[in-house]
Amino acid sequence: GTFVSIKKKTNYELRGCIGTVTPNQDNLAKEIIQNAVSAATRDPRFKSVTIEELDQLIFSVDVLSPLEPVDNPEQLNPRQYGLSIKYKEHHGILLPDLEGIDTVQGQIDICLKKGNIPKNEPYQMYRFEVDRYH
């Protein structure tokens, strides 16, 4: 899988981010292209990127390792590992090494919130590493 993040050059404010945990395309290049287009045009948190703002943006690509099941929060490290939490049809995911996310509990809480997963449900956690390209 891959994630493409778009940020403003001036303050690194997020402008769009879309990704896939497992590949949906025939090869990595197509996966990146599909996610880049989606990050620019389909992230529900933002309006579509315009041609006029392209020179004001920076792009990064994260290529994900396969998900590894996690039995214990001690196996997590928000600087090294991304986190995926699943419960029934709900899914929250967070990339590693993000500014302001310094604790395992903080990483778990954000994933639960993103996936709309109650804390007291028997969710499953998975970790992954990324190769990040700027």
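Residues numbered from 1 in each chain as written. Predicted model: local features only at pLDDT ≥ 70, side-chain atom pairs only at ≥ 80, totals over all residues. Heavy atoms only, no water.

Chemist: Just checking my understanding: could you explain the overall build of the protein for this structure?
Modeler: In terms of helices and strands, the protein carries two helices and eight strands. Ordered by position from N to C terminus, the α and β elements of the protein give β-β-α-β-β-β-β-α-β-β. In summary, the protein has a C-alpha radius of gyration of 15 Å against a globular reference of 14 Å for 134 residues, a match within 12%. In terms of principal-axis extent, the alpha carbons of the protein reach across some 45 × 35 × 25 Å. (Helix = DSSP H or I, 4+ residues; strand = E, 2+ residues; numbered from the N terminus. Rg over C-alpha atoms; globule rule 2.2 N^0.38 Å.)

Chemist: Any chance you could explain the nonpolar core here in plain terms?
Modeler: Among soluble globular proteins, nonpolar side chains are generally buried collectively. Among the nonpolar cores identified, the biggest contains twelve residues, and these are Val70, Leu76, Leu83, Ile85, Tyr87, Leu94, Ile101, Ile108, Cys111, Leu112, Ile117 and Met125. Every element with two or more residues in this core is listed here: strand E5 (82–87) and helix H2 (104–114). In contact with Ile117, not counting residues within four places along its chain, are Ile85, Lys86, Tyr87, His90, His91, Gly92, Leu112 and Tyr123. (Core = buried A, V, L, I, M, F, W, Y, C linked by side-chain atoms within 4.5 Å. Buried < 20%, exposed > 50% of the residue type's maximum accessible area, 1.4 Å probe, protein only. Contact = heavy atoms within 4.5 Å.)

Chemist: When you look at the environment of Ser84 in this model, what are you seeing that I'm missing?
Modeler: Inspection of the secondary structure puts Ser84 in strand E5. Taking the C-alpha atoms as reference points, Ser84 and Asp109, separated by 25 residues in sequence, lie 11 Å from one another. With residues near it in sequence (within four places) discarded, Ser84 still touches Leu67, His91, Gly92, Ile93, Gln124, Met125, Tyr126 and Phe128. At 2.6 Å, the side chain of Ser84 forms a polar contact with the side chain of His91. (Polar contact = N/O pair within 3.5 Å; in protein donor to acceptor, adjacent residues only side chain to side chain.)

Chemist: When you look at the packing of aromatic side chains in this model, what are you seeing that I'm missing?
Modeler: When we look at a pair of aromatic rings, we describe it by the centre distance and by the angle of the planes. A complete count under the given rule lists zero aromatic pairs for this structure. Residue placement shows Lys86 over the ring face of Tyr126; its charged tip is 5.2 Å from the ring centre. For the cation-ring pair, Arg127 lies above Tyr81, with the distance from its terminal atom to the ring centre recorded as 4.1 Å. (Phe/Tyr/Trp six-rings, centres within 6.5 Å; stacked < 30°, edge-to-face > 60°. Lys NZ or Arg CZ within 6 Å of the ring centre and 35° of its normal.)

Chemist: Got a minute to help me understand the pattern of salt bridges in this structure?
Modeler: If charged atoms from side chains of opposite charge come close, those side chains can pair. In total, this model carries nine salt bridges according to the counting rule given. Residues Arg15 and Glu53 are paired through a salt bridge, measuring 2.8 Å at the closest nitrogen-oxygen approach. Placement of the pair is Arg15 in strand E2 (residues 14–20) and Glu53 in the loop between helix H1 (28–41) and strand E3 (57–64), with a sequence separation of 38 residues. Given the relative accessible area of 9%, Arg15 is considered buried. (Salt bridge = Lys/Arg side-chain N within 4 Å of Asp/Glu carboxyl O.)

Chemist: Would you mind going over H1 with me for this structure?
Modeler: One turn of an α-helix holds 3.6 residues; hence residues three or four places apart share an orientation. The terminal C-alpha atoms of H1 lie 20 Å apart, and with 14 residues this matches the ideal 20 Å at 1.5 Å per residue to within 8%. The set of residues buried in H1 consists of Glu31, Asn35, Ser38, Ala39 and Ala40. The N-cap of H1, judged by a side-chain oxygen 3.1 Å from the amide nitrogen of Ala29 a few residues on, is Asn27. (Expected span 1.5 Å × (residues − 1).)

Chemist: Is there a simple way to think about the pairing of E5 in this case?
Modeler: When a strand is regular, its side chains alternate between the sheet's two faces. Most of E5 is tucked away, with five of its six residues classed as buried. Pairing analysis gives five bridges linking E5 to strand E7 (residues 124–128), with the strands arranged antiparallel. Its bridge partner being in E7, Gly82 is matched across the sheet by Phe128. In this structure, E5 lies alongside strand E6 (residues 90–94), joined through five bridges in antiparallel fashion. In the sheet register, Lys86 faces E6, and the bridge partner there is His91. Remark: two residues form the turn of the hairpin made by E5 and E6, two consecutive strands paired antiparallel; Lys88 in that turn has positive phi of roughly 50°. (Pairing = 2+ DSSP bridges.)

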